[in-house]
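Descriptive structure summary
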Amino acid sequence: MRKTLYLKFIVAYIIFGFFGFIVVATFVSNMTLDHLKKEKADTLYREATLIANSYATDLYNNETTLDAVKDQLDALSTYLDASIWIINPSGRMILDSSKPMNVETEVVIENFDSTVTEGSYYTVGNFFGTFKEDMLSVFAPITSDFKVKGYVVIHTPMSNIQAASDRMLNISYIMLVILFLLSLIILIFFTEMVYIPLRKITEATEQYASGNMHYEFSVESEDEMGYLAASLSYMASEIARSEDDQKKFVANVSHDFRSPLTSIKGYLEAMLDGTIPPELHEKYLTIVLNETERLTKLTNSLLTLNNLNMKGMLLDKTDFDINTVIRNVAASFEGTCRQKTIAIELVLTGDEMFVTADMGKIQQVLYNLLDNAIKFSHQNSVIKLETTEKHNKIFVSVKDSGIGIPKDELKLIWDRFYKSDSSRGKDKKGTGLGLSITKEIIRSHGEHINVISTEGVGTEFIFSLPKSDMEDED
């Protein structure tokens, strides 16, 4: 593609130069010759008219001598670089400036016809066979008593006019060459500003098409070509990131499904081959049941996250008391907190605080955040749940004093299946989807969730919800 495109541009450039010379050699040449011929004819006709109205008329009226007129015509002939004739209507030569005067020898132009100009005042040719080359001949009638007594004819060689035309044409050729060379700037500009960036873009697309999404290139330009290159590079990086995420997703799903399946298969085979005695079957069947519940939880989480990512998802929004929901979710963790000797402190603004949201999904958000807080909190610690109101928004905070999240992992905790090293040590049964689901739920409400964490100190999650209009109406 890139070679063909550049070759086409070069061919177009050569064709431009070729046809430029053709136009100059034909149309411009003919136009120049016609212009010079008409201009010369106009000049000679004016002179012929002056001669016809002065010297020639005086000659026919016997007011001057033939010798005097011959002297005047000879001088004008030298000045005009042309031959001046005075001839009768019958074609008999009266006076010729190019030859000595000879009254004894009669010269007659055979087949002379004054209408040869066909309505014009000049003609081009050998003038009835008189000349061996083409001449530009101009006619001016000599009149007296309203009658045509003769004609003043001025001849000039067409070769002189052609030579003048060629000189002007040479200037046109020189200008064309200069224009052709200057147009190289366009070719250079095209090469540097269009072709080279386009070649880089084409090479990049070939790399991307072959699957090399990590191929890097750059076009140093701020125009549309640079924007196209930047967009293509960004698109490739996003596709590469998406592919990496997909590979990571498949690896994590495979890992989290393989572990419980391996446990289930191992325990069942051990019970079938007698490795585990019958009196211990109930114990290990309970373990198998827990592993199947883990698989069920993982599957449900995947389906939930997939549904949350679907565009146009409908939320069952209602007005409800967020404080009550927080109290109920906290109460559901009473047994777990008692085992780890963890206390849950509720700092709720007012007895009731209504929000407009999907109550079921907000319950899931609170459950996920509180479950994580309990998992990563130390024994004999306190988890604080707080609600505040600001700018017609309700902010819910879940804060623990546990192990915290490393700074370089804060942006990764929302990724699917992401588990930090510390998380993998403490949360063997976690799916790594809880925070992803939480963020998608809050985002589907058009709200935001943020995290503040210091490693070894604790973590706080804060999300917002729109305040209900019910309290304003009350």
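Before reading further, recall that the structure is shown in the block above.
Thresholds applied
Residues numbered from 1 in each chain as written. Predicted model: local features only at pLDDT ≥ 70, side-chain atom pairs only at ≥ 80, totals over all residues. Heavy atoms only, no water. Helix = DSSP H or I, 4+ residues; strand = E, 2+ residues; numbered from the N terminus. Rg over C-alpha atoms; globule rule 2.2 N^0.38 Å. Buried < 20%, exposed > 50% of the residue type's maximum accessible area, 1.4 Å probe, protein only. Contact = heavy atoms within 4.5 Å. Pairing = 2+ DSSP bridges. Axes fitted to C-alpha atoms, helices over the stretch in contact; angles between N-to-C directions. Parallel < 35°, antiparallel > 145°, perpendicular 65-115°, else oblique. Nonpolar A, V, L, I, M, F, W, Y, C, P; charged D, E, K, R; others polar.

What follows covers the overall build of the chain. Summing up its helical and strand segments, the chain has 12 helices and 12 strands in all. At 53 Å, the chain has a C-alpha radius of gyration far larger than the 23 Å of a compact globule built from 474 residues. Taking the principal axes of the C-alpha coordinates as reference, the chain spans close to 160 × 70 × 35 Å. Expressed as a percentage of the 474 residues in the chain, the buried residues total 38%. Taking the contacts inside the chain whose residues are at least 6 apart along the sequence as the reference set, 66% of them involve residues at least 24 apart.

Read from one edge to the other, the open sheet built from five strands follows the order β7-β9-β10-β12-β11, with strand pairing classed as mixed. At either margin of the open sheet sits one strand with a lone partner, and together these are β7 (343-347) and β11 (449-454). When strand polarity is set aside, the average angle formed by the axes of neighbouring strands in this sheet is 15°. Relative to β7, helix α7 (residues 322-332) is tilted by about 175°, and along the sheet it contacts β7, β9 (382-390), β10 (393-400) and β12 (458-466).

Contact geometry for helix α3 (residues 158-182) and helix α4 (residues 184-209): axes closest at 4 Å, N-to-C directions at 10°. Here α3 lies roughly parallel to α4, going by the angle between them. Listed contacts from α4 to F180, L181 and L182 of α3 are L184, I185 and I186. Looking at the contact of α3 with α4 residue by residue, the class counts come to six nonpolar, no polar and no charged.

This brings us to unusual backbone geometry. A positive phi is found at D145, a non-glycine position, where the angle reads about 55°. Its location among the elements puts D145 in the loop between β4 (135-144) and β5 (147-157). Assessed through its relative accessible area of 65%, D145 is described here as exposed. For H391, which is not glycine, the phi dihedral falls at a positive 55°.

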